Amino acid sequence: MTMLERIGHALMHVSAWPGRVSSWLVLPIILAVLVAVTGTMMRLGDLFGWGFAIPLLGSHLSITGLAELQWHLFAVMVMLGASFALAEDRHVRVDFIYAKFQGRGKAVVDIIGDLVLLLPFCAIVAWLSLNFVGLAYRSGEQSDYGGLTDRYLVKAILPIGLALLFTAGLGRIIRNVGFLLSGRQAAEPGPNGASHG
């Protein structure tokens, strides 16, 4: 493995780590759904109150807040999980062109796609989303229905997730360039047994 391939793998590994950890959020999401459904059936309003403000939750947790929390956690899982899916080569791709190529051809397609589509998309949307987060912070945006507060916290996941996805894409480009420069015809197996590059 060349130095470029090692650097690319390292960038992909670092950017994928938050996504791997965020996969555990599925457990609190399931718990939140179960409690919200049960609480709604029992016609509960407020579940807990603690008398002081906690970021995102405020001073109490209501059924509405719990329902909103499900979506917030799901957003975190998706935005952080995108870089993990890319790094593990488990993302959705259009295979009608890609499937016809072998290792070196696939590496070229990945490099072109990442340079032309992925990196510009991540950079532009992450940059534009900073104002989105800033506005939510400055305005003190919160639920209109007595749910969660501090909406800027969940909105900040958008630029963070896109920065991680950008890093994973950059790592994949570096890895694939290293593979092409190595002169090998086939890439080494990746972490999930699939051939990368």
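Above: the structure in question.
Reference entry: report on the structure contained in this document.

Conventions and cut-offs
Residues numbered from 1 in each chain as written. Predicted model: local features only at pLDDT ≥ 70, side-chain atom pairs only at ≥ 80, totals over all residues. Heavy atoms only, no water. Helix = DSSP H or I, 4+ residues; strand = E, 2+ residues; numbered from the N terminus. Buried < 20%, exposed > 50% of the residue type's maximum accessible area, 1.4 Å probe, protein only. Pairing = 2+ DSSP bridges. Core = buried A, V, L, I, M, F, W, Y, C linked by side-chain atoms within 4.5 Å. Contact = heavy atoms within 4.5 Å.

Our focus in this paragraph is the environment of Tyr137. Mapped onto the fold, Tyr137 is located in helix H5 (residues 103-139). For Tyr137, a relative accessible area of 53% corresponds to the exposed category. In this structure, the C-alpha to C-alpha distance between Tyr137 and Ala156, residues 19 residues apart in sequence, is 9.7 Å.

Two strands pair when backbone bridges link them, and strand S1 (residues 46-54) and strand S2 (residues 58-62) are joined in this way by 4 bridges, in the antiparallel orientation. Bridging from a neighbouring strand, Gly49 pairs with His60 of S2. Where S1 hands over to S2, the hairpin turn is made up of 3 residues, of which Leu56 adopts a positive phi near 80 degrees.

This part takes up the nonpolar core. The biggest cluster of nonpolar side chains holds 10 residues, and these are Ile29, Ala32, Ala36, Leu56, Leu61, Leu66, Leu69, Leu73, Met77 and Leu148. The set of elements that each furnish at least two residues to this core consists of helix H2 (26-41) and helix H3 (63-87). Here the element with the most residues in this core is H3; it accounts for 4 residues. Apart from the residues lying within four places of it in its own chain, the contact partners of Leu73 are Leu25, Pro28 and Ile29. With 7 residues, the next largest nonpolar core counts Cys122, Ala126, Leu165 and Ala168 among its residues.

A separate point is the environment of Trp127. Residue position: Trp127 is located in helix H5. Take Trp127: its relative accessible area is 62%, and that puts it in the exposed class. Each C-alpha atom of the pair Trp127 and Pro159 lies 7.3 Å from the other, and the pair is 32 residues apart in sequence.

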